[in-house]
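Architecture at a glance
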Amino acid sequence: MAAVVRAADVEVGTELPPQTSQVTRADLVRYAGASGDFNVIHWNERVATEVGLPGVIAHGMLTAGLAARAVTSWAGDPGALVEYSVRFSRPVVVPDDDRGAEVVVAGRVAALLDDDRVRVDLTVTSGGEKVLSLARAVVQL
């Protein structure tokens, strides 16, 4: 499968369509089972607050995965993502309700690289706060 977006159609400043995801406590349970990360801060409010967190938080790698999905959805091919890095700057606090937390991913092409590759810089927020910093992807178009 090849990327749907063509390098010839992309320039510095091209914006990716914003992607919004809801993360609920049920999603945290599913992610824990898939990843094997059963750390209690991802499901127990009491323990999370006892260790200084504002509440139960999403797994960092779940948040990073949501951001990566925004890039691969734009490119049209998961294999087009050839480099990816993030730093975790704030936790995604997931309330114990039916709505959960909203994670919003926006991105724009920041650089055109050799061999039809582009660097995409991402902005990832939850509750109006930036939750990932230095989030960057290199995509083969």
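Residues numbered from 1 in each chain as written. Predicted model: local features only at pLDDT ≥ 70, side-chain atom pairs only at ≥ 80, totals over all residues. Heavy atoms only, no water.

1. A closer look at the side chain of Asn-44
Put simply, the rule reads: A run of H or I in DSSP counts as a helix once it spans at least four residues, and a run of E counts as a strand once it spans at least two, with each numbered from the N terminus. Think of it in three bands: residues with accessible area under 20% of the maximum for their type are buried, residues over 50% are exposed, and the middle band is partly exposed, with areas taken using a 1.4 Å probe on protein chains only. Polar contact is defined as a pair of N or O atoms within 3.5 Å, subject to the rule that within protein one atom must be able to donate a hydrogen and the other to accept it, and that residues adjacent in sequence are counted only when both atoms are side-chain atoms.
Relative to the assigned elements, Asn-44 resides in the loop between helix H1 (25–35) and helix H2 (45–50). Here Asn-44 falls in the buried class, since its relative accessible area comes to 16%. Of the polar contacts made by the side chain of Asn-44, one reaches the backbone nitrogen of Val-47; its length is 2.9 Å.

2. Thoughts on the pattern of salt bridges
How we decide: The term salt bridge refers to a pairing of a side-chain nitrogen on Lys or Arg with a carboxyl oxygen on Asp or Glu at a separation within 4 Å.
Per the counting criterion, the structure on display carries seven salt bridges. Measuring nitrogen to oxygen at the nearest pair gives 2.8 Å for the salt bridge that ties Arg-119 to Asp-121. In this structure, the salt-bridge partner of Arg-136 is Asp-121, at a minimum N-O distance of 3.6 Å. Separated by 15 residues along the polypeptide, Arg-136 in strand E5 (residues 129–140) and Asp-121 in strand E4 (residues 117–126) bring together distant segments of the chain. Connected via shared salt-bridge partners are Arg-119, Asp-121 and Arg-136.

3. A short note on H1
Using the following cut-off: The arc in question is the one spanned by the directions pointing from the helix axis to the C-beta atoms. Residue contacts are defined here by distance: any two heavy atoms, one from each residue, within 4.5 Å place the two residues in contact.
Taken residue by residue, H1 has Arg-25, Leu-28 and Ala-32 as its buried positions. Buried residues of H1, viewed axially, fall in a sector of 45 degrees; they line one side. For H1, the exposed residues lying more than 90 degrees away from the buried face are Arg-30, Gly-33 and Ala-34. Where H1 is buried, its residues meet strand E1 (15–23), H2 and helix H3 (60–75). Downstream of H1 by one or two residues, Gly-36 has phi in the positive range, about 80 degrees.

4. Some points on H3
We apply this condition: In this scheme, a helix's expected span is set at 1.5 Å multiplied by one less than its residue total.
Its 16 residues place the ends of H3 23 Å apart at the C-alpha level, agreeing with the 22 Å of an ideal helix rising 1.5 Å per residue. Every buried residue belonging to H3 is among Leu-62, Thr-63, Ala-64, Leu-66, Ala-67, Ala-68, Ala-70, Val-71, Thr-72, Trp-74 and Ala-75, and all of these are buried. Residues of H3 that are buried in the fold lie against E1, H1, strand E2 (81–88), strand E3 (101–112), E4 and E5. Immediately downstream of H3, the backbone of Gly-76 shows phi near 90 degrees, a positive value.

5. Focus: the sheet that holds E3
The condition is simple: When DSSP locates at least two bridges between a pair of strands, those strands are taken to pair. To obtain each axis, a line is fitted to C-alpha atoms, and for helices this fit is confined to the stretch in contact; angles are then taken between N-to-C directions over 0 to 180 degrees.
Pairing in this open sheet of five strands is antiparallel, and the strands run E1-E3-E4-E5-E2 from one edge to the other. Every interior strand has two partners, whereas the edge strands, E1 and E2, have only one. Going from strand to strand, the sheet's axes swing by 20 degrees on average, the running direction of each strand aside. Direction of pairing for E2 relative to E5: antiparallel, over a ladder of six bridges. Paired with Tyr-84 across the two strands is Ala-137, which belongs to E5. The strands touched by H3 are E1, E2, E3, E4 and E5; relative to E1, the strand with the most contacts, the crossing angle is about 140 degrees.

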